[in-house]
Amino acid sequence: MEIFVQQLINGITLGSIYGLIAIGYTMVFGIIGMVNFSHGDVFMVSAFFALIFFLVLTQWLGVSSVIVALIIVMVISMILTGLLSWAIERIAYRPLRGSFRLAPLISAIGMSIVLSNFIQVAQGPRNKPTPPMVRDVYTLWDANGYAVTLSLKQIIIIAVTIILLAAFWYLVQKTPLGRAQRACEQDRKMAGLLGINVDRTISLTFVMGAALAAVAGTLFLMYYGVVHFADGFAPGIMAFTAAVLGGIGSLPGAVLGGLLIGLIETLWGQYVSADYKNVAAFSILVVVLIFMPQGILGRPEVEKV
Amino acid sequence: MAESSKAAAAGPDFGKAAKDALLSGIIAFALFGPLVGLRTAQNMNNELVVLNELGKALLITAIVVAGRFLLSAFVFPAIASRGKKSKAILTPEEVAAASARTRNVSRGALLFLLVYPFLMVLIFGVQGSIKWVDNFGIQILIYVMLGWGLNIVIGLAGLLDLGYVAFYAVGAYSYALLAINFDLSFWILLPLSGILAAFWGMILGFPVLRLRGDYLAIVTLAFGEIIRLVLINWKDFSGGSAGISSIPKVTLFGIKFDASPEGFAKMFDLPMSSAYYKIFLYYLILALALLTAYVTLRLRRLPIGRAWEALREDEVACRSLGINTTNTKLTAFAIGAMFAGFAGSFFAARQGFVSPESFVFMESAVIVAIVVLGGMGSMVGVAIAAVVMIGGTELLRELSFLKVVFGNDFNPDQFRMLIFGLAMVATMIVRPRGFVSARQPTAVLFERKAISGDLVKEGHG
Amino acid sequence: MSTQNRWENDPILEVQHLTMRFGGLVAVNDLTFRAGRGDVTALIGPNGAGKTTVFNCITGFYKPTTGMLQLKHRAGGEWLLERMPDFKIAQKARVARTFQNIRLFSGMTVLENLLVAQHNPLMIASGMTFLGVLGIGGYRAKEKEAIERAKYWLDKTRLMERADDPAGDLPYGAQRRLEIARAMCTEPELLCLDEPAAGLNPRESAELNQLLLGIRETEGTSLLLIEHDMSVVMEISDHVVVLEYGTKISDGTPAEVKSDPKVIAAYLGVDDEEVETVEHQLDVLTGEAN
């Protein structure tokens with residue numbers, strides 16, 4: 001029981017990070033029907049932004065409050081990652097819009113290779129460990145010698161995720177930008193005819209997805225205290241799995257999927273086999289797609305004859 | 001016309017170009033400034049510190065500014081005015097000329113491939129030829145073969161398979177395990193590996209082939225990863241991440257390529273060199289690749305091949321004509337997998353060592369990229385793409401002399417995949433339909449006409 | 001209704017109590033009708049009446065919620081279509097169809113389109129591919145036969161000159177004809193045409209009528225068509241079934257249906273433009289008949 005609760009907490013923490021990344025996949029897929037393959041690597045780059053600016057703030061500028069540093073770092077990382085994603089969309093995807101369906105996918109795979117190898121060249125191939133940023137751990141209860149703990153890191157991750165999701169939800173549901181996005185999702189051509197700047201809406205979708213990925217990247221760095229140039233692939237795939245599981249195109253679905261994948265990964269690792277936890281997540285992806293291709297909260301696709 | 005000539009007469013718009021360049025410069029500095037200019041590294045105390053390398057970042061920014069200025073001022077206007085003169089759609093004559101050209105090119109290429117090892121021996125000597133035959137010849141041909149195999153699945157049947165490397169792994173491990181445990185020869189295991197891979201193709205294909213579009217791509221990706229993860233974790237079976245080593249080599253009718261008295265070198269009274277084995281392997285993979293090409297060409301002219309292409313064009317129409325689309329997809333999947341299996345067993349025999357490291361997702365991505373860059377369905381295009389992408393990046397390994405320019409820290413190998421990725425993106429932007437996009441018809445009544453790529457669909461799977 | 005009609009005596013297709021629901025929407029509601037062997041049966045009705053849904057049920061693209069669809073061949077075979085997957089319906093029950101928004105293999109040549117239609121017999125001739133790859137067996141001869149059959153239909157649909165052009169390059173009317181030729185290459189007992197005259201000019205439309213009547217004459221194929229163009233319906237059909245909101249409101253010869261007050265009301269109930277065209281067409285036809 002205690003172990004279960006502990007794993008539940010760990011799973012929700014991991015799931016929050018996946019959920020934040022998954023939103024980027026789901027929004028881009030919703031609006032232009034493209035699997036943005038480089039999104040996982042954008043997430044990885046955002047963690048590097050966070051790392052670099054965290055070191056600059058604490059070592060060069062002497063900022064002593066970790067929380068203040070983290071907030072500044074997160075904002076900078078969101079801005080820069082958004083800019084990066086905007087540039088990628090502008091260079092590698094926009095010229096291919098409306099052409100051959102596989103072209104953007106290949107371009108995205110190429111971009112993913114470019115990003116991870118660029119970081120390898122620019123920042124070196126080694127792991128980048130940071131000193132622990134937030135150390136506080138609270139013991140929730142202690143039973144039979146097993147203490148169920150909740151760390152401040154976990155509280156921060158879950159709280160930041162909830163706050164940002166609420167803000168994001170408001171943005172998509174209640175603002176003209178969100179309305180434009182939903183219109184473009186339905187019918188891009190018609191939205192364009194009605195005076196919506198389709199290119200800008202799509203660009204902003206990429207930027208928003210990237211900004212949330214940057215939040216995830218900063219939290220990831222804080223949680224694990226280490227980042228590596230190849231760290232984009234696995235979380236990227238897991239987050240994509242989450243987006244599909246929740247129903248691709250659906251924002252609440254992405255978050256729900258993220259939480260489920262996080263829980264499955266930790267619980268499977270605890271109770272079944274730590275070696276095969278990724279196999280479990282992939283198997284679930286396969287099973288879901290085969291038997292429930294619309295995901296949990298997605299709309300079913302009707303074949304038109 | 002009048003407008004474009006007027007624009008050309010007015011000369012490049014330097015003001016706009018300067019503005020574009022400035023904007024690009026700001027963005028480039030914002031991104032490269034931290035990522036390149038602030039390098040994180042561990043100091044003597046194993047603490048992570050930031051090193052100031054802003055000079056490098058400024059250099060890159062300057063390159064971006066200059067590049068963007070040139071693009072805005074000269075390249076884009078040139079493309080725009082050329083685009084006005086000739087539309088992207090080719091006339092039938094142009095398409096016909098292009099197809100005649102491809103035919104001649106492929107004949108010449110075949111001849112070149114047949115004499116390639118001897119040319120290399122002549123130019124670089126027996127020992128010096130090893131690198132050219134092995135790193136270039138064999139390496140490229142493996143990817144040509146994989147590209148041709150996957151071309152059946154993606155290019156003909158229109159099913160986007162992102163887990164193709166799994167079947168390559170099945171072939172490699174089949175050969176490795178069966179050769180070590182049962183002491184069977186390569187020539188028995190080669191077909192067996194192909195059959196096993198095809199069998200796996202069917203098993204994995206059966207549940208997933210009713211999925212459409214990107215979902216199929218993702219499920220195949222997941223299957224590919226599952227197979228790799230199982231190979232890593234099931235240590236008793238596959239040796240885990242350490243892999244399997246000392247896999248038996250291929251023999252030529254029982255003649256071994258080693259230093260023993262019965263070995264190839266002694267038998268023909270040649271000085272001992274691994275070059276002969278490499279040349280033998282070269283011809284082996286060439287034969288396997290040509291077999292793939294031959295079978296594909298035959299299949300295209302058979303009902304199954306036409307059904308694949310019809311499936312790519314319109315699945316619903318196929319069903320309305322009584323075509324069992326599940327079986328048709330499954331055959332495409334299985335035959336594609338079979339060729340990957342052949343290539344896999346060759347790979348294991350050539351390396352003498354297999355590990356899950358060789359079958360990561362990136363390999364699948366590279367093969368898919370070769371197929372798409374080549375132009376889906378075009379065998380010549382796929383071969384060209386494999387030569388350019390694999391040969392080109394192998395060439396980058398040869399750039400060590402640049403150390404003289406960039407200092408000893410410069411490692412051209414690191415830039416290999418970076419440039420590979422950039423090339424992928426650039427090719428897609430310049431030629432989204434790949435190098436060779438025209439399609440050759442499989443049956444002709446009066447006159448053979450190539451079909452412009454704009455009409456050919458890319459499939460829903 | 002008289003019992004002299006072919007659809008009563010010798011139906012090729014019997015639709016009984018066919019219902020198709022999509023969630024809460026009832027697209028077809030308890031529909032029962034028969035299509036006579038050798039007849040041209042027209043399924044008409046206002047937009048959204050469920051005509052294409054009926055077609056999709058007959059050709060297996062939708063599984064009906066309830067109901068029975070029975071098909072009887074000249075040679076005596078009987079098939080329950082609602083129990084068969086779509087490709088089996090085309091392959092075994094020999095029902096071919098065309099689509100409202102033309103579905104050709106646009107990147108393949110006209111000839112290739114017609115060869116794909118003969119997939120199943122050719123597949124057997126190629127020894128399920130195994131013998132074909134090795135180049136043994138009588139595949140070459142069979143392929144020649146298939147090309148001959150394709151030429152026969154190319155000739156009938158006046159597409160011979162375009163045989164080696166990609167299907168996507170053909171003008172609209174030719175694409176419609178090619179779709180019919182392709183369906184006929186499967187040698188169907190029943191040919192279902194979903195708005196074959198849509199988008200055709202009057203001359204093309206008249207040619208289409210000749211083509212369809214010719215098919216019935218020489219091949220003995222029964223035709224089932226959905227059509228909005230009343231001139232086509234009235235000119236070539238032997239039997240008309242009228243649907244509205246998924247229910248049958250009239251069933252009989254063109255003359256009977258034309259004077260059925262329910263049919264007139266159904267068409268009056270739609271938007272004015274359509275009623276005008278229908279009335280106009282009916283007037284023209286009655287005038288011609290007189």
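Residues numbered from 1 in each chain as written. Chains lettered and ligands numbered in written order. Predicted model: local features only at pLDDT ≥ 70, side-chain atom pairs only at ≥ 80, totals over all residues.

### Details of the overall build of chain B
Consideration 1: When helices and strands are tallied, chain B shows 17 helices and two strands.
Consideration 2: Within the span of chain B, comprising 461 residues, buried residues form 47% of the whole.
Consideration 3: When contacts within chain B are restricted to residue pairs at least 6 apart in sequence, long-range pairs at least 24 apart make up 74% of them. (Helix = DSSP H or I, 4+ residues; strand = E, 2+ residues; numbered from the N terminus. Buried ≥ 20, exposed ≤ 12 C-beta atoms within 10 Å, placed from the backbone. Contact = placed C-beta atoms within 7 Å.)

### Looking at the interface of chain C and chain B
Consideration 1: Taken together, the 33 residues of chain C in the interface contact 34 residues of chain B.
Consideration 2: Residues belonging to the side of chain C that touches chain B are distributed by class as follows: 14 nonpolar, 12 polar and seven charged. (Nonpolar A, V, L, I, M, F, W, Y, C, P; charged D, E, K, R; others polar.)

### Side note on the sheet that holds strand β4 (residues 66-72) of chain C
Residues and elements named next belong to chain C.
Consideration 1: The strand order β2-β1-β4-β5 describes an open sheet built from four strands, whose pairing is antiparallel. Both edges of this open sheet fall to β2 (25-36) and β5 (78-80), since each of them pairs with a single strand only. Across this sheet, the average inter-strand angle for adjacent strands is 15 degrees, counted without regard to direction.
Consideration 2: Judged from the eight bridges that link them, strand β1 (residues 11-22) and β2 form a sheet pairing that is antiparallel. Its bridge partner being in β2, V15 is matched across the sheet by F33. (Pairing = 2+ DSSP bridges. Axes fitted to C-alpha atoms, helices over the stretch in contact; angles between N-to-C directions.)

### A closer look at the packing of helix α4 (residues 102-123) of chain A against helix α14 (residues 361-374) of chain B
Consideration 1: At a minimum axis distance of 10 Å, the contact between α4(A) and α14(B) shows a crossing angle of 140 degrees. Judged by the angle between their axes, α4(A) and α14(B) are oblique. The interaxial crossing formed by α4(A) with α14(B) has left-handed handedness. For the pair formed by α4(A) and α14(B), the contact residues are A:L102, A:I106 and A:I109 on the first element and B:A365, B:V368, B:A369 and B:V372 on the second.
Consideration 2: Across the contact of α4(A) with α14(B), the residue classes break down as seven nonpolar, no polar and no charged. (Parallel < 35°, antiparallel > 145°, perpendicular 65-115°, else oblique. Left-handed = near helix turned anticlockwise from the far one by under 90°.)

### Examining the pairing of strand β9 (residues 239-244) of chain C
Residue and element names in this part refer to chain C.
Consideration 1: Across the six residues that make up β9, a large majority, six, are buried.
Consideration 2: In β9, alternate side chains face the same way, and those of H239, V241 and L243 on one face and V240, V242 and E244 on the other are all buried.
Consideration 3: The sheet contact formed by strand β3 (residues 40-44) and β9 spans four bridges and is parallel. Among the inter-strand pairings, T41 is bridged to a residue of β9, identified as H239.
Consideration 4: The pairing of β9 with strand β10 (residues 247-252) spans five bridges and is antiparallel. Looking across to β10, one finds that V240 is bridged to G252.

### Considerations on helix α10 (residues 251-271) of chain A
For an α-helix, the turn length of 3.6 residues means that residues three or four places apart are oriented alike.
Consideration 1: With 21 residues, α10(A) should cover 30 Å at 1.5 Å per step; its first-to-last C-alpha distance of 30 Å lies within 8% of that length.
Consideration 2: Taking burial as the measure, the 21 residues of α10(A) include 15 buried ones, the bulk of the element. (Expected span 1.5 Å × (residues − 1).)

### As for the domain arrangement of chain B
It is common to give the size of an interface as the accessible area that goes away when the parts come together.
Consideration 1: When its domains are assigned, chain B resolves into domain 1 (2-85) and domain 2 (92-430).
Consideration 2: Here domain 1 of chain B and domain 2 of chain B have C-alpha centroids that lie 37 Å from each other. (Domains from an automatic or database assignment.)

### Remarks on the nonpolar core
All names here are of chain B.
Consideration 1: Counting 325 residues, the largest nonpolar core has M145, I285, A343, A369 and I370 as its most contacted members.
Consideration 2: No other element matches the 18 residues that helix α4 (residues 92-156) contributes to this core.
Consideration 3: In contact with I370, not counting residues within four places along its chain, are Y143, G147, V382, A385, A386 and M389. (Core = buried A, V, L, I, M, F, W, Y, C linked by C-beta atoms within 7 Å.)

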